[in-house]
Amino acid sequence: MMQHLIILPILLPLFTGLAMLIKRDATMQPRRTIGLVSTALLVVISIALVVESSHGQISYYALGDWQPPFGIILMLDRLSALMVCLTSVLALGSLAYACAGDDKKGSNFHGLFQLQLMGINGAFLTGDMFNLFVFFEILLIASYSLLMHGGGKDRTQAGFHYVALNLAGSAMFLIALGVLYGTTGTLNMADMGQRVAELDPERQGLLKAGAFLLLVVFGLKSAILPLYFWLPRAYASAPAPVAALFAIMTKVGIYAILRVYTLIFGDSAGDLANFVQPWLWWFALATVALGGIGVLSARDLRTQVAYLILISVGTLLVGVSMDRVASLSALLYYMLHTTLVSGGLFLLADAIADQRGKAGARIVPGRGVTQPALLGLAYFVGAITVVGLPPLSGAIGKALLLNAAQPSEQPWLWSLLLLSSLAGLVAMGRSGSTIFWKAGKPDPEGPRLKPSMLAGLILLLGASPLLAIFAGPITEFTQASATQLLDPGAYTQAILAPTSGGDS
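Note that the structure is a prediction, hence the values are computed from the model and not measured.

Another aspect to go through is the overall build of the protein. A count of helical and extended segments in the protein gives 21 helices and 2 strands. A principal-axis box enclosing the C-alpha atoms of the protein has dimensions of 70 × 55 × 40 Å. In the protein, which comprises 504 residues, the share counted as buried stands at 62%. Sequence-distant contacts, at least 24 apart, represent 79% of the contacts inside the protein between residues at least 6 apart. When the accessible surface of the protein is summed, it comes to about 18,600 Å², and 67% of that surface belongs to carbon and sulfur atoms.

So, in structure tokens, the structure goes:
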């Protein structure tokens, strides 16, 4: 059974999603039960993958027993296992919240939710570039429908822009793959990395063009400046459980940048080694700055959280651009923190809007929330951790990143990261005081958090204290993941060497 563990994060949501899409006339409660059980089982499988990868061995699963570089493979290392685990935990919290009633606002929610999980997990586990494109398309197709779940003018308009931009990104992805395949003759990542190092100098210009096209595609997925303008409106318009799951979507783009530009264009790539990092540095810093301005200008809680995600995107890409073990380890820890907490804040913003009546999520004085103590405490925890105040995980993640900067990088990184944290603190403080202190009397008969909604909130926002308590072993794992990521030779040896057997 263990040899088939790598493929289960893809097969489980695939069959669960298809079963619920085929049986469309089933009542809602069985769908909820099946979805929650399947996602909880996915959490167990992903934890098993993390344990399996913690030994340091890179393994692969060859579909149909077609061995690399010719067949389709799924690969498992510390980084891919960590990302699958992060996705499954985020999905469980989002789905638990949705089962309180959001899933009934449109058709096929549970089936599409599972298919999106399949696409996300596949993107993290695939070992070749074409199937990275395939899984990107699967998760995007599912996200198109989930974004417009429940209908409405705002969602339809935001969904149209989201679809149009991602279709353009998909076209560029295919062109880039054609260029890379034409110059290297392969789409297997390990094989491509080996061939790039041996490429004739006269063909390097075309390969570099393909690599820059890929950077544009992954930059669009991760929402780096100037390709971020689709994110705030799309995330703010999406249903809360969908927006919470979308917190991992930008991380798919960041993961792709990490994987491709360390394995294929890393230190072993000769003249093409690490040529995108200087570009990433400045665009990432600009994303942090613009995200801070957006947080201060937001007049809606959902939009505010969307701009906080932009700050986190810039922060993560700064870690990618520094390209050393300390910075990559720091960004992986910070990625765990920001993904779960941002997802929890989207759920919290929806719960607050539901209890405020007509004022909704707008940052204006209005009716008080029905459960001020509970939601106020959740807001306080979410606010201090997302802006990076001690002692929670946000402060640890940012401190690790600041500590990883070299003297020449420190003036830019320290000033912008601390200023963006200040902007977040001011914005979250203003929102909290308006919603909880300047509020009128609540409706005693108003809506309250249902048990499944509370469970989703606790799972995601409660992750921050746990990440702080277990920061030691988690950072040990992220440091080992960063070391493994910056050793493309070990990856190539594990995938392509004749003595390294795969599972089929």
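Another aspect to go through is the packing of helix H4 (residues 109-125) against helix H5 (residues 129-147). Close contact between H4 and H5 brings their axes to 8 Å; oriented N to C, the two are set at 155 degrees. The angle between H4 and H5 places the two elements in the roughly antiparallel class. Considering how the two elements wind past one another, H4 and H5 form a crossing that is left-handed. Across the interface between the two elements, Phe109, Leu112, Phe113, Leu115, Gln116, Met118, Gly119, Ile120, Gly122 and Ala123 from H4 touch Leu132, Phe135, Phe136, Ile138, Leu139, Ala142, Ser143, Ser145 and Leu146 from H5. Per-class residue counts for the contact of H4 with H5 are 14 nonpolar, 5 polar and no charged.

What follows deals with the packing of aromatic side chains. In this structure the tally under the stated criterion is 18 aromatic pairs. Summarising the aromatic geometry, the rings of tyrosine 162 and phenylalanine 246 are spaced 6.2 Å apart at their centres and angled 15 degrees between planes, so their arrangement reads as stacked. Of this pair, tyrosine 162 sits in helix H6 (residues 153-184) while phenylalanine 246 sits in helix H10 (residues 240-246); the two residues are 84 residues apart in sequence, bridging distant segments of the chain. Comparing tyrosine 162 with phenylalanine 246 shows no difference in burial state: the two are buried. One aromatic cluster in this structure is built from Tyr144, Tyr162, Trp230, Tyr235, Phe246 and Phe346.

Grouped burial of nonpolar side chains is what soluble globular proteins tend to show. Met129, Phe173, Phe218, Tyr235, Tyr261 and Phe265 are the most contacted members of the largest nonpolar core, which totals 174 residues. Per-element tally for this core: the top contributor is helix H14 (residues 325-356), with 18 residues.

Summed over all chains, the structure comprises 6 salt bridges. Between aspartate 103 and arginine 32 there is a salt bridge, with the nearest N and O atoms lying 2.7 Å from each other. Placement of the pair is aspartate 103 in the loop between helix H3 (78-98) and H4 and arginine 32 in helix H2 (residues 28-53), with a sequence separation of 71 residues. Of the two residues, aspartate 103 and arginine 32, both sit in the buried class.

This part is about the pairing of strand S2 (residues 73-76). Neither face of S2 is left uncovered, since the one carrying Ile73 and Met75 and the one carrying Leu74 and Leu76 both have all their residues buried. Two elements, strand S1 (residues 59-62) and S2, share 4 bridges in a ladder whose sense is antiparallel. Note that in S2 the partner of tyrosine 61 across the bridge is leucine 74.

End to end, helix H20 (residues 471-485) covers 20 Å across 15 residues, agreeing with the expected 21 Å (1.5 Å per residue, within 8%). All of the buried residues along H20 are Ala471, Ile474, Phe477, Thr478, Ser481, Ala482, Gln484 and Leu485. Each buried residue of H20 lies within a common arc of 160 degrees when the element is viewed along its axis, so the set occupies one face.

Here we take up unusual backbone geometry. Cis geometry is found at the peptide bond from proline 68 to proline 69, where omega equals 10 degrees. Tracing the backbone shows proline 69 in the loop between S1 and S2. The amide bond that connects proline 390 to the next residue, proline 391, takes the cis arrangement and shows omega of 10 degrees. Relative to the helices and strands, proline 391 is located in the loop between helix H15 (372-386) and helix H16 (393-404). For aspartate 65, which is not a glycine, the phi torsion comes out positive at approximately 60 degrees. As for its placement among the helices and strands, aspartate 65 is situated in the loop between S1 and S2. Classification of aspartate 65 as partly exposed rests on a relative accessible area of 47%. Even without glycine at this site, aspartate 323 takes up a positive phi of about 55 degrees. Looking at where aspartate 323 falls in the secondary structure, it is placed in the loop between helix H13 (301-322) and H14. Take aspartate 323: its relative accessible area is 19%, and that puts it in the buried class.

Turning our eyes to something else, we now look at H6. Helix length check: H6, at 32 residues, gives a terminal C-alpha distance of 46 Å against a target of 46 Å (1.5 Å per residue), a fit within 8%. Backbone geometry just after H6 places glycine 185 at a positive phi near 80 degrees.

Judged by side-chain polarity, Leu296, Leu389, Leu419, Leu422, Leu425 and Val426 come together as a nonpolar surface patch covering roughly 490 Å² of accessible area. The element that contributes the greatest number of residues to the nonpolar patch is helix H17 (residues 410-437), accounting for 4 residues. Relative to the assigned elements, leucine 425 resides in helix H17.

A word on the packing of H13 against H17. Taken N-terminus to C-terminus, the directions of H13 and H17 make an angle of 165 degrees; their axes are 11 Å apart at the nearest point. Comparing the axis directions of H13 and H17 gives the class roughly antiparallel. Two packed elements cross with a definite hand, and for H13 against H17 that hand is left-handed. The residues of H17 that touch H13, namely those facing Leu301, Gln304, Leu308, Ile311, Thr315, Val318 and Met322, are Leu413, Leu417, Ser420, Gly424, Ala427, Met428, Arg430, Ser431 and Ile435. Taken together, the residues that form the contact of H13 with H17 break down as 10 nonpolar, 5 polar and 1 charged.

This next bit is on the environment of histidine 55. Take histidine 55: it is sitting in the loop between H2 and S1. Judged by relative accessible area, histidine 55 falls into the exposed class, the value being 63%. The spatial distance from the C-alpha of histidine 55 to the C-alpha of glycine 291 is 38 Å, given a sequence separation of 236 residues.

With respect to the helices and strands, the residue serine 46 is situated in helix H2. Contacts of serine 46, omitting those with residues within four sequence positions, involve Val84, Cys85 and Ser88.

Procedures and definitions
Residues numbered from 1 in each chain as written. Predicted model: local features only at pLDDT ≥ 70, side-chain atom pairs only at ≥ 80, totals over all residues. Heavy atoms only, no water. Helix = DSSP H or I, 4+ residues; strand = E, 2+ residues; numbered from the N terminus. Buried < 20%, exposed > 50% of the residue type's maximum accessible area, 1.4 Å probe, protein only. Contact = heavy atoms within 4.5 Å. Areas by Shrake-Rupley, 256 points an atom, 1.4 Å probe, with all protein chains shown as cover. Axes fitted to C-alpha atoms, helices over the stretch in contact; angles between N-to-C directions. Parallel < 35°, antiparallel > 145°, perpendicular 65-115°, else oblique. Left-handed = near helix turned anticlockwise from the far one by under 90°. Nonpolar A, V, L, I, M, F, W, Y, C, P; charged D, E, K, R; others polar. Phe/Tyr/Trp six-rings, centres within 6.5 Å; stacked < 30°, edge-to-face > 60°. Core = buried A, V, L, I, M, F, W, Y, C linked by side-chain atoms within 4.5 Å. Salt bridge = Lys/Arg side-chain N within 4 Å of Asp/Glu carboxyl O. Pairing = 2+ DSSP bridges. Expected span 1.5 Å × (residues − 1). Arc of directions from axis to C-beta. Patch = residues over 30% accessible without salt bridge, like charges linked within 9 Å, V, L, I, M, F, W, Y side chains within 5 Å.

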